[in-house]
Amino acid sequence: MEPAWTALGLSLKVAGWATLINLVLGVGVGYLLARARFPGRDVLDTFLTLPMVLPPTVLGYYLLVAIGRKSWLGTWLRESLGVNLIFTWQGAVIAASIVAFPLVFKPARAAFEAVDGQLEQAARVLGVSEVGVFFRVTLPLAWRGILAGLLLAFARAMGEFGATLMVAGSIPGKTQTLSVAVYEAVQAGQDDLAATLVLITSMACVVVLLSAGRLAPGRIANR
Amino acid sequence: MRIDLEIRKELRSGPRVFRLDVRLATQGQRVVIFGPSGSGKSLTLKAIAGLMRPDEGHVRLDGTTVFDSGAGVNLPPQARGVAYLFQDYALFPHLTVRQNVGFVLARGWLNPRSGEIHEAVDYWLAAFNLQDVAHQFPVELSGGQRQRTALARALVARPRALLLDEPFAALDPALRQRMRVELDELQTRLGVPMIIITHDPEDVAAFGEQVLCMNEGQVVPQAQGLLSVGLAA
């Protein structure tokens, strides 16, 4: 059972990092889209939602083009920082982050838009700085919606397959996450291992979804 | 408090255009701005507090310029030192009464903790008879308790003026009369200048030391103002 637990550990690590990255990026972009008025805002929203509808393999292909060994960014990373992202777990984190991104910024935007602007004004008149208003009023009131999005993103990152396989490959113990390991086990005819992996994955996703549903009743159940 | 204000603002909503063009100079402890809803009272009050930026003009409070489009002055609401009581009180729903009242005393990124004891907070909780509900959330309060909490929260900051937006509109008639008496006593005791905006003639009778009437975005003579509300009601 050793490989199954290694794969679970790797999946949790990748999903954890992807969620953390989206906590900053997804919530930040959600806030920006909710509050800033600029031309092309809806176009940007649509563009950023693309990872939700594009096939993960297509995203993986784009990522290879963007950060692959022959790309401009990939060359720069290798030559100046000595970093290579392809076929590494860090590459899997980038793939999972992008796939899960819309699941965070969309609910975050909705949650920020639902915060009563009058409460923020009340805090301003009381002399609280703009940063204080965000952390003491806006964020606490939007937090439930954001947390539900983060849990969905975590579950989605746990289950990521296509883009991860394209970018990080399937190196056991290094980049072979649970969902990739299931595919490999079935291909190799290891049915017992596949069954164990599937069970672990399903349990992990059920736990995450249950917590998400509890945090935002209705919002997720109705989807 | 001496208020010297001259502001213009144009608001568009589809094909409709609302023009606010207010000029007023007043001095008094109790100023009532009176007019029908949609006359621009709230916008004027928001311009004083810094919550609405006029297109042009100036706002001076006791000789301090807080807004002047010509000179490029626009103090943020944080720096104006006035308290604003919103029509539905705008209490923070995620904080208890004690935390709401102590909101102003906590600086930085964190809200006051629910158990935090502060002399000024206790003083105002007692002054407004809120000790028994100090641990409750705004949603659990009665209308009168909500208003008292909002007043306590505003006064902890030691504002140089209290701006009240339709302070009694959210209350039922019996309670409205009682809260008028409470506010009257409070103002007399504290001596903090007050600007009240209202569409209710009874508020004018209770607080109208200085009365300004507004209609359709402008200050109008008093008789005309009363008439416009009479017709609207």
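1. A look at helix α6 (residues 117-125) of chain A
Residues of α6(A) that are buried: Leu119(A), Glu120(A), Gln121(A), Ala122(A), Ala123(A) and Val125(A). If you follow the buried residues of α6(A), they end up packed against α1 (2-35) and α7 (130-158) of chain A together with α1 (41-49), β7 (82-85) and α4 (143-156) of chain B. In this structure Asp116(A) caps α6(A), since a side-chain oxygen of it lies 3.0 Å from the backbone nitrogen of Gln118(A). The first or second residue beyond α6(A) is Gly127(A), which carries a positive phi of 95 degrees.

2. Some thoughts on the side chain of Arg80(B)
Residues and elements named next belong to chain B. Structurally, Arg80 can be placed in the loop between β6 (73-74) and β7. Despite its burial, Arg80 pairs with no opposite charge, the nearest such side chain being Asp68 at 11 Å. Within the structure, Arg80 has its side chain in polar contact with the backbone oxygen of Ala47 (distance 2.9 Å).

3. Examining the environment of Gln147(B)
Residue and element names in this part refer to chain B. One can find Gln147 in helix α4. Looking at Gln147, the relative accessible area reads 2%, which means it is buried. Separated by 61 residues in the primary sequence, Gln147 and Phe86 place their C-alpha atoms 9.5 Å from one another. Those residues in contact with Gln147 that lie beyond four places of it in its chain are Leu85, Tyr89, Pro167, Phe168, Leu171 and Met179. Within the structure, Gln147 has its side chain in polar contact with the backbone oxygen of Pro167 (distance 2.5 Å).

4. Details of the pairing of strand β4 (residues 56-61) of chain B
The two faces of a sheet get side chains in turn, since along a regular strand they alternate between them. Residues and elements named next belong to chain B. Looking at chain direction, strand β1 (residues 2-13) and β4 are connected through six bridges and run antiparallel. Following the sheet pairing, Leu5 is matched in β4 by Val59. One ladder, built from four bridges, connects β4 with strand β5 (residues 64-68); its direction is antiparallel. Counterpart to Val59 in the pairing with β5 is Phe67. Where β4 hands over to β5, the hairpin turn is made up of two residues, of which Asp62 adopts a positive phi near 50 degrees.

5. Details of the sheet that holds β5(B)
Residues and elements named next belong to chain B. In space, the five strands of this open sheet follow the order β2-β1-β4-β5-β6, with antiparallel pairing throughout. On the outer flanks of this sheet lie β2 (16-27) and β6, each paired with one strand and no other. Inspection of the sheet shows β5 paired to β6 by two bridges, in the antiparallel sense. Bridge pairing links Phe67 to Asn74 in β6. On the sheet, α1 packs against β1, β2 and β4 and is oriented at approximately 120 degrees with respect to β1.

6. Comments concerning the interface of chain A and chain B
The interface of chain A with chain B comprises 19 residues on the first partner and 25 residues on the second. Taking both sides of the interface into account, the surface hidden between chain A and chain B amounts to around 2,000 Å²; carbon and sulfur atoms contribute 64%. If you sort the residues of chain A by the area they bury against chain B, Val125(A), Leu126(A) and Arg136(A) come out on top, with a joint share of 40%. The tally of links from chain A across to chain B stands at zero salt bridges. Contributing elements (two or more residues each) for the side of chain A that touches chain B: α6 and α7 of chain A. It is α7(A) that contributes the most residues to the side of chain A that touches chain B, eight residues altogether. Looking at the side of chain A that touches chain B, its residues break down into 11 nonpolar, five polar and three charged.

7. Section: the side chain of Thr26(B)
Residue and element names in this part refer to chain B. Here Thr26 is to be found in strand β2. In terms of polar contacts, Thr26 uses its side chain to reach the side chain of Gln210, at 2.7 Å. Excluding residues that lie within four positions of it along the chain, Thr26 makes contacts with Met1, Arg2, Ile3, Val31, Gln210 and Leu212.

8. Topic: the pattern of salt bridges
Residues and elements named next belong to chain A. Across all of its chains, the model carries 22 salt bridges over all chains by this definition. With its nearest N and O atoms 2.8 Å apart, the salt bridge here joins Glu120 to Arg35. Pair noted here: Glu120 is in helix α6 and Arg35 is in helix α1, with a separation of 85 residues, a long-range link. Owing to a relative accessible area of 5%, Glu120 belongs among the buried residues under this scheme.

9. Description of the sheet that holds strand β3 (residues 30-34) of chain B
All names here are of chain B. Taking strand neighbours across the sheet as the criterion, the six strands line up as β7-β8-β9-β3-β10-β11 in an open arrangement whose pairing is mixed. Each edge of the sheet is formed by a strand with only one pairing partner; in this case those strands are β7 and β11 (218-220). Shown here is a sheet whose adjacent strand axes are inclined to one another by a mean of 25 degrees, direction ignored. Pairing between strand β8 (residues 161-165) and strand β9 (residues 194-198): four bridges, direction parallel. When the bridges of β9 are listed, Leu164 appears paired with Ile196.

10. Remarks on the confidence of the model for chain A
For chain A, per-residue confidence averages 89 on the pLDDT scale, and 96% of positions sit at 70 or higher. The low-confidence segment residues 217-223 of chain A (pLDDT under 50) makes seven contacts with residues lying over four places distant or belonging to another chain.

11. Thoughts on the pairing of β9(B)
Residues and elements named next belong to chain B. Counting buried positions along β9 gives five out of five residues, so the element sits mostly inside the fold. Every second residue of β9 is oriented toward a common face, with Met194, Ile196 and Thr198 on one face and Ile195 and Ile197 on the other, all of them buried. Relative to β9, β3 runs parallel, the two sharing five bridges. Bridge pairing in β9 places Ile33 opposite Ile197. Crossover handedness for the path β8 to helix α5 (residues 173-190) to β9: right-handed.

Rules behind the numbers
- Along each chain, the written sequence defines residue order, and numbers are assigned to residues from 1.
- Written order decides the labels, with chains lettered from A and ligands numbered from 1.
- This being a predicted model, a pLDDT of at least 70 is required before a residue's local features are given, and a value of 80 or more before pairs of side-chain atoms are given or counted; all residues contribute to the totals for chains, interfaces and linings.
- Only hydrogens and water are set aside when side-chain values are computed; all heavy atoms of the structure are taken into account.
- The buried label goes to any residue with under 20% of its type's maximum accessible area, the exposed label to any with over 50%, and the partly exposed label to all in between, with areas taken from a 1.4 Å probe on protein chains only.
- Helix and strand assignments come from DSSP, with helices taken as H or I runs of at least 4 residues and strands as E runs of at least 2, each series counted from the N terminus.
- Throughout, a residue-residue contact means that at least one pair of heavy atoms, one from each residue, lies within 4.5 Å.
- The definition of a polar contact used here is a pair of N or O atoms within 3.5 Å, where within protein one atom must be able to donate a hydrogen and the other to accept one, and adjacent residues in sequence count solely through side-chain atom pairs.
- His is not counted, nor are the chain ends; Lys and Arg add positive charge and Asp and Glu add negative charge.
- The term salt bridge refers to a side-chain nitrogen of Lys or Arg lying within 4 Å of a carboxyl oxygen of Asp or Glu.
- Only when DSSP finds a minimum of two bridges between them are two strands counted as paired.
- For helices, the fitted line uses only the C-alpha atoms of the stretch in contact; every axis is such a line through C-alpha atoms, and the angle between N-to-C directions lies from 0 to 180 degrees.
- Summed over both partners, buried area is the accessible surface (1.4 Å probe) that two parts give up on being assembled.
- Note on residue classes: Ala, Val, Leu, Ile, Met, Phe, Trp, Tyr, Cys and Pro are nonpolar, Asp, Glu, Lys and Arg are charged, and everything else, Gly too, is polar.
- The predictor's confidence in any single residue is recorded as pLDDT, a number from 0 to 100.
- If you view a crossover with the strands going away from you and the path from the first strand over the helix to the second runs clockwise, you call it right-handed.

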